[in-house]
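Summary of structural features
One letter stands for each residue in the lines below.
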Amino acid sequence: MLAGIRTRDLRKIYTSPPPLASGGGFGFGSGRGKGKKQPKPQIVALDGISLDILPGEIFGLLGPNGAGKSTTLGILTTRVRPTGGQAWIGELDVWREQVAVKRLIGVVAQRPNLDFALTAREILLFHGAYFGVDSHQRAERADVLLDRFKLRDRGDQMVRGFSGGMMQRLSIARAMMHDPQVLFLDEPSAGLDPQTRLLLWEIIREYNHSGKTILLTTHNMEEADALCQRLAIIDHGRNIALGTPGELKASVPGGYLLRLRFGSHSPELLQRLQTLTGAREVRANPDSKNDNSIDVYADRGGPLVSEIANLASSANVELCDVHISEPSLENLFLHHTGRSLRD
Amino acid sequence: MNWKTFLALLARDAHVARRNFAPLVLQTFLQPMMFVFIFGRVMVSSGYMPAAYKSLLLPGIMAISMVFTGVWAVAMPLIAEFQFTREIEDRLLAPMEISWLAIEKVFFGTLQALVAGLVVIPAAWLLLRPGVELNLRSPLSFACVTLLVALFSACGGLALGCSISQTHIGLMFSMVLTPMIFFGCTYYPWSALAHFPILQKVVLVNPLVYASEGLRGTLVPQFPHLPVPAVLVALTLFDAAFLAAGLRQFRRKAVS
């Protein structure tokens, strides 16, 4: 059965710090005791996300920290109760048919959450057993996955001593152990060395070729570009752009971005920059603390610099800094939000 | 209900318990056995305690062992796994309604508490003999009390484990478990508090009182004890209340 993912107007408002992010627990003094006097803080994590992810697609959620990516994944994997809206895996309503949904999905959390009381192989075997995989098949699959993730020689060791990269590989192997139709990966390559990242991408593509749907979150542009067939860019709990990486990059005026910083502010300069050949959009950088920074979206990068320098000197304004970005998803994010993805 | 998943989760817990067998045994029995030796053997043979104290002490020690084992077995892993290591996440994603995971924890904790309680009897008997006089008049009542005590310890572990944060583990011992043990009629019968009438009433909110008195009433009924039927009712109510509170807290922790 091929399963896609749909969400309609998903909303999530946290009234206490989200446990998935806080790491803390319920203290003696926290909770309802204080509730009456102090209004509960409301954190809007999702503000109406609607997505249609096709069966067999590798789909990426791209956005900065706190954009709502993990909360979206949390709702789709039954771990977060939505405040509003609906979500489906295949034809199953995620909130109403949780057990059936859990059979279809495999989940790799942002932080490794391996069972420290078990060895690597046991982690895979028990995970398979939770999903009712028979013992012969369990042993076979565990061997194949340990091999594929280059963990065979560490299979019988406790995972407590594993490096971060090894834990991440084992987490992904575990999520694949029951052969789920939909695989969720929350920042799968965060903290991995380049070689392991490439291995991981290869395995994800391979898994996708067998017809599985994959939803991953990332704030790594390169990963989104290299791996995802389609992307949604998310910021402040909203979907701000959707398309293939190519389409999205093409939606940035010109493609190139020149971030300029001048010695002083000059409205006249701003106007003159707009007349440059190849400049598609010129605007004061909204993210900057002063208004001496200007973003120029253009179809060229380097060749424009000398013309800009000439314009600046004729306007009697000092050009202090130039930064050129080639067409990228980073530029797209900047264009939509005025902020860098790493902010 | 998905029994395959439930049994696999039980198998996982049994596997981990087997792996940690030696520390588990030491943690469960070392303290009660030392207590039995000092109070039941040293104090009695030196004449500071009457010989009958040996028999009076045994049910209390059994109750302490069971409660410690049950609470420890359920609460400690939950505190760590929900907060620090998040190990429990994989099991929360197992194809089963999440409350069953909590029930599985309670089931396994109850088994551990039962073993801990039942092993104390021969171990203490060996340490204390001669002079321990057990009068098991109604094995059925004894079985019911023991089962309810074990269940209470595991349900209490669930409620505690899902309600306190990692930083409060020390407080859990000093502010919850220690007062429970000292005011739980473990080392003395409830009737010994007759000189402190207010305290005698107040300690009735402590479930361990019913555990100790129930075991006393079924194992060594020659000593004064609360009526066994009342103990059975009280323990059943405590079990139900702790289970309901524990499940509620578990769901709140599992789904944000």
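The structure displayed is predicted, hence computed values, not measured ones.

Definitions and limits used
- Residues numbered from 1 in each chain as written.
- Chains lettered and ligands numbered in written order.
- Predicted model: local features only at pLDDT ≥ 70, side-chain atom pairs only at ≥ 80, totals over all residues.
- Heavy atoms only, no water.
- Pairing = 2+ DSSP bridges.
- Helix = DSSP H or I, 4+ residues; strand = E, 2+ residues; numbered from the N terminus.
- Axes fitted to C-alpha atoms, helices over the stretch in contact; angles between N-to-C directions.
- Buried < 20%, exposed > 50% of the residue type's maximum accessible area, 1.4 Å probe, protein only.
- Arc of directions from axis to C-beta.
- Contact = heavy atoms within 4.5 Å.
- Right-handed = clockwise from strand over helix to strand, strands pointing away.
- Buried area = accessible area lost by both parts, 1.4 Å probe.
- Salt bridge = Lys/Arg side-chain N within 4 Å of Asp/Glu carboxyl O.
- Polar contact = N/O pair within 3.5 Å; in protein donor to acceptor, adjacent residues only side chain to side chain.
- Nonpolar A, V, L, I, M, F, W, Y, C, P; charged D, E, K, R; others polar.
- Phe/Tyr/Trp six-rings, centres within 6.5 Å; stacked < 30°, edge-to-face > 60°.
- Parallel < 35°, antiparallel > 145°, perpendicular 65-115°, else oblique.
- Left-handed = near helix turned anticlockwise from the far one by under 90°.
- pLDDT = per-residue confidence, 0-100.
- Core = buried A, V, L, I, M, F, W, Y, C linked by side-chain atoms within 4.5 Å.

**Thoughts on the sheet that holds strand E12 (residues 279–284) of chain A**
Residue and element names in this part refer to chain A.
- Overall, antiparallel pairing links the 4 strands, which are arranged E12-E13-E11-E14 in an open sheet. One side of each edge strand has no neighbouring strand; the edge strands of this open sheet are E12 and strand E14 (319–325). The mean inter-strand angle of the sheet, taken between neighbouring strand axes irrespective of direction, is 20 degrees.
- Pairing geometry for strand E11 (residues 256–262) and strand E13 (residues 293–298), over 6 bridges, is antiparallel. Across the sheet, the residue bridging to Leu258 is Val296, located in E13.

**Points about helix H12 (residues 303–314) of chain A**
All names here are of chain A.
- Burial in H12 covers these residues: Leu304, Ile308, Leu311 and Ala312. Relative to the axis of H12, the buried residues are bounded by an arc of 100 degrees and lie together on one face. Away from its buried face, by an angle of more than 90 degrees, H12 presents the exposed residues Pro303, Asn310 and Ser313.
- Lining the buried residues of H12 we find E11, helix H11 (267–273), E13 and E14.
- Directly after H12, the chain includes Asn316, whose backbone phi takes a positive value near 65 degrees.

**Regarding the pairing of strand E7 (residues 182–186) of chain A**
Residues and elements named next belong to chain A.
- In terms of burial, E7 is largely enclosed, as 5 of its 5 residues are buried.
- Side chains of E7 alternate between two faces, with Val182, Phe184 and Asp186 and Leu183 and Leu185 buried alike.
- Two strands pair when backbone bridges link them, and strand E6 (residues 105–108) and E7 are joined in this way by 4 bridges, in the parallel orientation. From the neighbouring strand, Ile105 faces E7, where its bridge partner is Val182.
- When E7 meets strand E8 (residues 213–218), the two strands line up parallel, connected through 5 bridges. Each bridged residue has a counterpart across the sheet, and for Leu185 the counterpart in E8 is Leu216.
- As for the winding sense of the linkage, the β-α-β connection from E7 through helix H8 (residues 194–209) to E8 is right-handed.

**What about the interface of chain A and chain B?**
- Listed as interface residues are 41 residues of chain A and, on the opposing side, 37 residues of chain B.
- Buried surface at the junction of chain A and chain B, summed over both partners, amounts to about 3,400 Å²; 55% is from carbon and sulfur atoms.
- Joining chain A to chain B, the criterion identifies 4 salt bridges.
- The shortest N-O distance in the salt bridge between Arg19 of chain B and Glu122 of chain A comes to 2.8 Å.
- Here chain A is connected to chain B by 15 residue pairs in polar contact (both at pLDDT 80 or more).
- Broken down by element, the side of chain A that touches chain B gets its largest block of residues, 5 residues, from helix H5 (residues 120–130) of chain A.
- Of the residues assigned to the side of chain A that touches chain B, the class counts are 21 nonpolar, 10 polar and 10 charged.

**Some details on the side chain of Arg230 of chain A**
Residue and element names in this part refer to chain A.
- Within the element layout of this structure, Arg230 appears in strand E9 (residues 230–235).
- Separated by 2.5 Å, the side chains of Arg230 and Glu57 make a polar contact.
- Discounting residues that sit within four places of it in the chain, Arg230 has contacts with Asp52, Ile53, Leu54, Glu57, Ile58, Phe59, Gly60, Leu242, Gly243, Thr244 and Pro245.

**Points about the packing of aromatic side chains**
Residues and elements named next belong to chain B.
- Applying the stated criterion across every chain, the model contains 13 aromatic pairs over all chains.
- For the pair Trp72 and Phe173, a centre-to-centre distance of 5.5 Å together with 50 degrees between the ring planes defines the contact as tilted. Of this pair, Trp72 sits in helix H3 (residues 53–83) while Phe173 sits in helix H7 (residues 169–182), and the two are 101 residues apart along the sequence.
- Residue Trp72 is classed as partly exposed on the basis of its relative accessible area of 30%.

**Observations regarding the pairing of E8 of chain A**
Residue and element names in this part refer to chain A.
- Counting buried positions along E8 yields 6 of 6 residues, so the element is predominantly enclosed.
- Here E8 shows two buried faces, one formed by Thr213, Leu215 and Thr217 and the other by Ile214, Leu216 and Thr218.
- Direction of pairing for strand E3 (residues 58–62) relative to E8: parallel, over a ladder of 5 bridges. Bridge pairing in E8 places Leu61 opposite Thr217.

**Section: the packing of helix H6 (residues 139–161) of chain B against helix H9 (residues 207–219) of chain B**
Residues and elements named next belong to chain B.
- Look at H6 against H9: their axes get within 9 Å of each other, and the N-to-C directions meet at 160 degrees. Considering the angle they form, H6 stands roughly antiparallel to H9. Of the two possible hands of crossing, H6 and H9 adopt the one that is left-handed. Across the interface between the two elements, Ser141, Phe142, Val145, Thr146, Val149 and Phe152 of H6 pack against Pro207, Leu208, Ala211, Gly214, Leu215, Thr218 and Leu219 of H9.
- Partitioned by chemical class, the residues of the contact of H6 with H9 number 9 nonpolar, 4 polar and no charged.

**Digging into the confidence of the model for chain B**
Residues and elements named next belong to chain B.
- Model confidence for chain B is summarised by a mean pLDDT of 90, while 100% of its residues fall at 70 or above.
- Mean pLDDT values for the elements of chain B range from 85 in helix H2 (residues 21–45) up to 95 in helix H10 (residues 228–254).
- Interface confidence in the predicted complex, given as ipTM, is 0.89; pTM for the same model is 0.85.

**Topic: the nonpolar core**
- With 82 residues, the main nonpolar core has Leu170 of chain A together with Leu158 and Phe250 of chain B as its most contacted residues.
- By residue number, the principal contributor to this core is helix H7 (residues 164–176) of chain A, which donates 7 residues.
- Non-local contacts of Phe250 of chain B, meaning those with residues more than four positions away in its chain, are made with Leu78, Phe82, Ile88, Leu92, Ile98, Leu101, Ala102, Leu158 and Cys162 of chain B.
- Core analysis: the next-biggest nonpolar cluster, separate from the first, contains 57 residues, Phe29, Met33, Val220 and Phe223 of chain B among them.

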